[in-house]
Amino acid sequence: MEPEKDGTGGHPRKDRKRKRAPNKQIGASEAMRARWDLEEERQPEAKKPRLSTVLLAENCEVTHGQLCELLKYAVLGKSCVSKPRWCQLFHQNRLKNVVVFVLQGMSQLHFYRFYLELRFLRKAFRHKFRLPPPSSNFLADIIGLKKKEPTGDLPKTLEESLPSAISKASINLQNDPIVRKYGLKKVSLIRCLLTKEEMKTFSFPLQGFPDCENFVPTKCDGSVTENSPLFGLDCEMCLTSKGRELTRVSLVAEGGACLMDELVKPDNKILDYLTRFSGITKKILNPVTTKLKDVQRQLKALLPPDAVLVGHSLDLDLRALKMIHPYVIDTSLLYIREQGRRFKLKFLAKAILGKDIQCPNKLGHDATEDARTTLELAQYFLKYGPKKIAELNLHALVHHQELQAASQEPRNTPGVIQHSNTSVIECLDSLGQKLLFLSQDTDASDLFSKNCKTIKCLSNKQVLEQARVEIPQFPFSIVEFSFEPFAPMLTEEMNKRMRLKWTQMSTVYAGPFSKNCNLRALKRLFKSFGPVRSITLILETHQPHLCVQYEVLEAAQLAIESLDGILVEGICIKVQRPVTELTLDGDTLVNELELDSENRGTIYLSGVNENFKDCLLQQSSLFLGLEAVILPKDLKSGMPKKYCFLKFKTFGSAQRALTILKGKEWKLKGRHALTPRHLHTWLRGLPPESRSPPGLHVIPSPSEQQSLQTLKVDHPKVAAWRWGRKIEKLYRSLCPGTLCLILLPGTQRSG
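Parameters and conventions
- Residues numbered from 1 in each chain as written.
- Predicted model: local features only at pLDDT ≥ 70, side-chain atom pairs only at ≥ 80, totals over all residues.
- Heavy atoms only, no water.
- Helix = DSSP H or I, 4+ residues; strand = E, 2+ residues; numbered from the N terminus.
- Buried < 20%, exposed > 50% of the residue type's maximum accessible area, 1.4 Å probe, protein only.
- Contact = heavy atoms within 4.5 Å.
- Areas by Shrake-Rupley, 256 points an atom, 1.4 Å probe, with all protein chains shown as cover.
- Pairing = 2+ DSSP bridges.
- Axes fitted to C-alpha atoms, helices over the stretch in contact; angles between N-to-C directions.
- Expected span 1.5 Å × (residues − 1).
- Core = buried A, V, L, I, M, F, W, Y, C linked by side-chain atoms within 4.5 Å.

Per an unreviewed UniProt entry, the protein chain is named RNA exonuclease 5, and its organism is Oryctolagus cuniculus.

Now the structure itself:
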């Protein structure tokens, strides 16, 4: 057995006398982040309880119901509940305890803002993933803690389907994202249209853009007024050898009449009809002769000059049509949701219009029905205004429905006692065991359960002291620490700076180059390291330079390591990141990211093709310990990108594979991974306003300067470092075989 390593750096631990197994972690979204670990000391290697998240979804998001599923399995075992399907918990019968730490007031923003200070959390915990934004009682969602039910008559509104009905008066309308964007008064039709900047942000096809050269404009260039006609549009697609292509298009007028419903035969070979979504089969499409150019011609003829197109994720429909239209209302953006997420059309149809669409007993979606629904949603918004929408409390409703769906999923595992509708706390009760809850929450005394011991503390220090004494006595413990959250204005500013920091970290400046340099060859060279967002030729300097912005940090780092200091056409070039206050610690951050336990045993490769996975499996004997092949897909086309991540059981296996894959036979470029899988999903979820160009010098806003000045004694960075150390000591005191989970739920209360 090879010696234990510290991170991915390959250096043996200094404390060799006390062996520690690689810790495991999960992490979540801006609203909530979660991590866990299995303390596996002094147990036989083959029988250690360990966690694997190889089955984790591509977007690294896990619902509250799925998390509850894991916790119930950890408590009861396979004889009582089915195994979780999104991860694997090996040797559950050797688990001794489950401990949940809640860092109230902290979020994923804090974790990445103070990444260097939170050394223990990033090195000890291995598995990271996102959770949906928390409700005000997210602990109840996950483990079943309940507050006393209010008495009296409840209002008969849509909110009655929530766990506890909420009156309209109790909803803070000002915090609703729809009200924050549109205000409380009714809005005009023009106000609902996406601006050109918004269309650019959300990848709508626009005239003059490089990826829209062959797109057909609708010729709708008239002036939009409040009386301009609305048209509902929906398309169905299939997957071909060239990506997603159109198979059906439906257009509906304001009165609900269907103006167009056409099947379309793609130009390229169909790989997947996507029948589950489209309802299209080979038999249906075989006799069709209509082509894309035919429906383009029909649409141009049907739409008047001031037509407004309405759809749900309309950018995908227009790209499938390969058409450009300037006036659009996208209901997935009109009914705006927190953290950049979007409501599904099926949910909005039921919650707003009271109608059921996309029913499971039907084969695929009905494009005409979907087009008509988007049109009705836009008309409802214009008729009733943002205030009416906010009063429906859509966020709480969709959250509750997600939990219900998770709890009602059918389970048919033979020999398993069904606990799908029970909470973790009820599972403990069935075993005659108690749960420990430590908190400063003033409402903690309102929690009731005959098998829950609640201890109210006066400070974080007291919580820490009580935890050391009480945790060993309980099989399941929740320890809640409370921290002062950032002010909303400061949080918004920090979100912008975090996105800007990662953009700048993924950008390189290269040069100088000869004035007669082969620009095409240089672009090919820089693209060989990974996916490129943009390449800009800089002519402000005496000799030309290039600014290359990559999609992933690994590609930028690989370009720096490979090209800095080499000769290009006889000139020694410098390749470096932009020097700003956000990148001054860039080298340190890169080194620490490489040592992050989640990146341990994971490598990044550029230059892979669509046959790479098959070739890899054919020569699997060369790549022992390979756990997962992660092939990111293009969000627009659905096709795999030309880079991937390979996850191995050990750092040594990853290093050997990297050496082979960079050799003469494979000719790939690569290095050890730097970024957790969920990070890019989180960054995409930040507000569009956070997206700023590289190289921008950031000056802290007055609100941030003032906030930091008031924290002279307890500076956020100092506090993060200190509490990271305290949690580490508490973690080290846990007994072997403990499943440890850390939640960073943001500013919502957990009571």
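Undergrad: Please explain the overall build of the protein chain as it appears in this structure.
TA: Assigned secondary structure in the protein chain consists of 26 helices and 29 strands. The buried share of the protein chain, reckoned over its 751 residues, is 52%. Across the protein chain, contacts joining residues at least 24 apart in sequence account for 73% of those joining residues at least 6 apart. Accessible surface for the protein chain amounts to roughly 35,100 Å². Of this, 52% is attributable to carbon and sulfur atoms.

Undergrad: So what exactly am I meant to see when it comes to the sheet that holds strand β21 (residues 545-550) here?
TA: As a general point, the strands of a sheet are linked pairwise by backbone hydrogen bonds and lie either parallel or antiparallel. Strand order in the open sheet formed by 4 strands is β20-β21-β19-β24, with antiparallel pairing between adjacent strands. Both edges of this open sheet fall to β20 (532-538) and β24 (574-576), since each of them pairs with a single strand only. Each neighbouring strand pair of the sheet contributes to a mean axis angle of 15 degrees, computed without reference to strand direction. In this sheet, β21 lies alongside strand β19 (residues 507-511) in antiparallel orientation, the contact comprising 4 bridges. Note that in β21 the partner of Val508 across the bridge is Val548.

Undergrad: In this structure, what is going on with helix α1 (residues 64-76)? I would like to understand it.
TA: It helps to recall that an α-helix has 3.6 residues per turn; residues three or four apart then point in one direction. With 13 residues, α1 extends 18 Å from end C-alpha to end C-alpha; this agrees with the ideal 18 Å at 1.5 Å per step. Where burial is concerned, most of α1 is hidden: 12 out of the 13 residues are buried. Inspection of α1 places His64, Gly65, Leu67, Cys68, Glu69, Leu70, Leu71, Lys72, Tyr73, Ala74, Val75 and Leu76 among the buried residues, and these make up the whole buried set. Just downstream of α1 lies Gly77, where phi reads positive at about 85 degrees.

Undergrad: For this particular structure, what's the right way to read the nonpolar core?
TA: The nonpolar side chains of a soluble globular protein tend to be buried with one another. In terms of nonpolar packing, the biggest core is built from 46 residues, with Phe101 and Phe481 touching the most fellow members. Leaving out residues up to four positions away in the same chain, Phe481 has contacts with Phe101, Val102, Leu103, Gln104, Asn460, Val463, Leu464, Trp723 and Leu730.

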